[in-house]
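Below are the chains, spelled out letter by letter.
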Amino acid sequence: MTIQQQVPVSDERPARKTGAVSAGTTEVFLGKTGVDEPAGTRGKTSIADVVVVKVAGIAAREIPGVHDMGGGLSRTFGAVRDRVPGGRPNVGRGVKVEVGERQTAIDVDLVVEYGVSITEVAGDVRENVISAVERITGLEVVEVNIAINDVHLPDDDAPEASVEPRVE
């Protein structure tokens, strides 16, 4: 049995006025008001949690050796959604985030290709996710936890043995 310790993302939460910022959104920059302030500091910037999820998901998928993301059930629903006309792939599948005022923690569920070094793929995913999230959002990434849920075998994509058709 493994005991995992939860690491708080940030002791501070953004002070919010009622209705000022929607749930699931973090304020990255609390700007100043007034015409005497520089243009780049007038106003505030807020980033929704889903933005961090999407950035992390795209960054993880860029790494060679990552076959898919998410647990078994989410991959099943994702496969169904991908086949529905007009359905879009969910780039955030398999990613969970906790966002504070200036920091974020990210959990990623992966399926890797058979034969690749899992530790190398996990390290590459971690580096790419941290780099992308910090560069794009300006949030400090405290940790990226990676769970390998499955290994994709080459035979998994092979079509099933052909069965003679019942009718011609």
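Fair warning: this is a prediction, and the values are worked out from it, not measured in the lab.

**Student:** Could you clarify how one ought to interpret the overall build of the protein in this entry?
**Tutor:** Of the regular secondary structure elements, the protein holds three helices and six strands. In the protein, the order of α-helices and β-strands from amino to carboxyl end is β-β-α-β-α-β-β-α-β. A total of 168 residues make up the protein; the buried ones form 30% of that total. Long-range contacts, defined here as pairs at least 24 residues apart, represent 64% of the contacts in the protein between residues at least 6 apart. About 11,500 Å² of surface is accessible on the protein, with carbon and sulfur atoms providing 51% of the total.

**Student:** Explain the confidence of the model for the protein here, please?
**Tutor:** Interpreting fine coordinate detail is not advised for predicted regions of low pLDDT. Put simply, the protein has an average pLDDT of 78, and 64% of its residues get 70 or more. The lowest-confidence element of the protein is helix α2 (residues 72-83), averaging 55 in pLDDT; the highest-confidence one is helix α3 (residues 118-137), averaging 98. Considering only residues more than four positions removed or in separate chains, one finds that residues 1-21, a stretch of pLDDT under 50, has 30 contacts.

**Student:** Hey, could you run me through the side chain of Glu101 in this one?
**Tutor:** Along the chain, Glu101 falls in the loop between β4 (95-99) and β5 (103-113). Under the relative-accessibility criterion, Glu101 is labelled buried at 13%.

**Student:** Would you mind going over α3 with me for this structure?
**Tutor:** For an α-helix, the turn length of 3.6 residues means that residues three or four places apart are oriented alike. In this model, α3 (20 residues) spans 28 Å end to end at C-alpha, consistent with the 28 Å of a helix rising 1.5 Å per residue. Along α3, the residues that are buried comprise Val121, Ala122, Val125, Val129, Ala132, Val133 and Thr137. One face of α3 carries all of its buried residues, which in axial projection span an arc of 110°. Summarising the geometry of α3, the exposed residues directed more than 90 degrees from the buried face are Thr119, Glu120, Glu127 and Arg135. Backbone geometry just after α3 places Gly138 at a positive phi near 80°.

**Student:** What is the right way to look at the pattern of salt bridges in this model?
**Tutor:** Should the charged atoms of two oppositely charged side chains come close, the side chains can pair. This structure, assessed with the given rule, holds four salt bridges. For Arg102, the salt bridge goes to Glu101, with nearest N and O atoms at 3.0 Å. Three or more residues are tied together by salt bridges with common partners; here these are Arg61, Asp68 and Arg93.

**Student:** How do you make sense of the pairing of β4 when you look at a structure like this?
**Tutor:** Remember that side chains alternate between the two faces of the sheet whenever the strand is regular. With five bridges connecting them, β4 and β5 associate as antiparallel partners. Within β5, the residue paired with Val97 across the bridge is Ile106. Hairpin connection, β4 to β5: the antiparallel pair is bridged by three residues.

**Student:** Can you walk me through the environment of Gly70 in this structure?
**Tutor:** Here Gly70 shows up in the loop between β3 (66-69) and α2. Taking the C-alpha atoms as reference, Gly70 lies 5.9 Å from Leu110; in sequence the two are 40 residues apart.

**Student:** What am I meant to see in the packing of helix α1 (residues 49-61) against α3 here?
**Tutor:** Two quantities define a packed helix pair, namely the angle between the helix axes and the distance between the axes. At a minimum axis distance of 8 Å, the contact between α1 and α3 shows a crossing angle of 140°. As judged from the angle between their axes, α1 and α3 are oblique. Considering only the axes of α1 and α3, their crossing is right-handed. Facing Val52, Val55, Ala56, Ala59 and Ala60 of α1, the residues of α3 in contact are Val125, Asn128, Val129, Ala132, Val133, Ile136 and Thr137.

**Student:** It is not clear to me how the pairing of strand β6 (residues 140-152) should be interpreted in this structure. Could you clarify?
**Tutor:** Relative to β6, β5 runs parallel, the two being bridged by 11 bridges. Bridge pairing links Leu110 to Ile148 in β6. Taken together, β5, α3 and β6 constitute a β-α-β crossover, and its handedness is right-handed.

Conventions and cut-offs
Residues numbered from 1 in each chain as written. Predicted model: local features only at pLDDT ≥ 70, side-chain atom pairs only at ≥ 80, totals over all residues. Heavy atoms only, no water. Helix = DSSP H or I, 4+ residues; strand = E, 2+ residues; numbered from the N terminus. Buried < 20%, exposed > 50% of the residue type's maximum accessible area, 1.4 Å probe, protein only. Contact = heavy atoms within 4.5 Å. Areas by Shrake-Rupley, 256 points an atom, 1.4 Å probe, with all protein chains shown as cover. pLDDT = per-residue confidence, 0-100. Expected span 1.5 Å × (residues − 1). Arc of directions from axis to C-beta. Salt bridge = Lys/Arg side-chain N within 4 Å of Asp/Glu carboxyl O. Pairing = 2+ DSSP bridges. Axes fitted to C-alpha atoms, helices over the stretch in contact; angles between N-to-C directions. Parallel < 35°, antiparallel > 145°, perpendicular 65-115°, else oblique. Left-handed = near helix turned anticlockwise from the far one by under 90°. Right-handed = clockwise from strand over helix to strand, strands pointing away.

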